[in-house]
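Working through the structure, step by step
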Amino acid sequence: MKDLKSQASKSTTPGKGGLTPEIQSRIGHQLRAMYDDVVRQGVPDRFAELIKKLDAPGATPQVENGGGSNDNNNGRD
């Protein structure tokens, strides 16, 4: 009988740096809920258009000179 109690306490007590099964389950449920929410949002139209352009036969990627690019190479090639 003592062996059963010690095994039960080991399975519910976190070890060194471990998580209890209850905490792992809660984290799993929250991650699934977050993932489901992201999946429900779908792909933004802007991304869908970019994917269509890239999938088109003979498509060549064109990089727009947006605000985030750094074209300053100080004369070096």
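Within any chain, residue numbers begin from 1 and follow the written order of that chain's sequence. Totals for whole chains, interfaces and linings use every residue, but because this is a predicted model, local features are given only for residues with pLDDT of at least 70 and side-chain atom pairs only at 80 or more, for both listing and counting. In computing side-chain properties, one takes all heavy atoms of the structure into account and sets aside hydrogens as well as water.

Where an unreviewed UniProt entry is consulted, the protein chain appears under the name Anti-sigma factor NepR domain-containing protein, with the organism given as Bradyrhizobium daqingense.

Going along the chain from the N terminus, every DSSP run of H or I of four or more residues is numbered as a helix, and every run of E of two or more is numbered as a strand. Looking only at helices and strands, the protein chain has three helices and zero strands in total. Sequence-ordered secondary structure for the protein chain, helices as α and strands as β, is α-α-α. Buried residues are those whose accessible area, probed at 1.4 Å on protein chains only, stays under 20% of the maximum for their type, while exposed residues exceed 50% and partly exposed ones sit between those limits. Residues counted as buried form 3% of the 77 residues belonging to the protein chain. Total accessible area computed for the protein chain in this model is approximately 7,700 Å², and 54% of it derives from carbon and sulfur atoms. Here the accessible surface of atoms and residues is derived via Shrake-Rupley with a 1.4 Å probe, and residues count as covered only by protein chains that are part of the display.

This part is about the pattern of salt bridges. Take a side-chain nitrogen of Lys or Arg and a carboxyl oxygen of Asp or Glu: if they are within 4 Å of each other, that pair is a salt bridge. Evaluated as defined, the whole model comprises two salt bridges. Measuring nitrogen to oxygen at the nearest pair gives 2.8 Å for the salt bridge that ties Glu22 to Arg26. Placement of the pair is Glu22 and Arg26 together in helix α2 (residues 21-41), with a separation of four residues, close to one helical turn. Among the salt bridges present, the one from Asp37 reaches Arg40, with a minimum N-O distance of 4.0 Å. One end of the pair is Asp37 and the other is Arg40, both in helix α2 and three residues apart, which spans about a single turn.

Each residue carries a pLDDT score, the predictor's own confidence in it, on a scale running from 0 to 100. Chain-level statistics for the protein chain give a pLDDT mean of 75 and a share of 55% at 70 or above. Least confident of the elements in the protein chain is helix α1 (residues 2-12), whose mean pLDDT is 51; most confident is α2, at 95.

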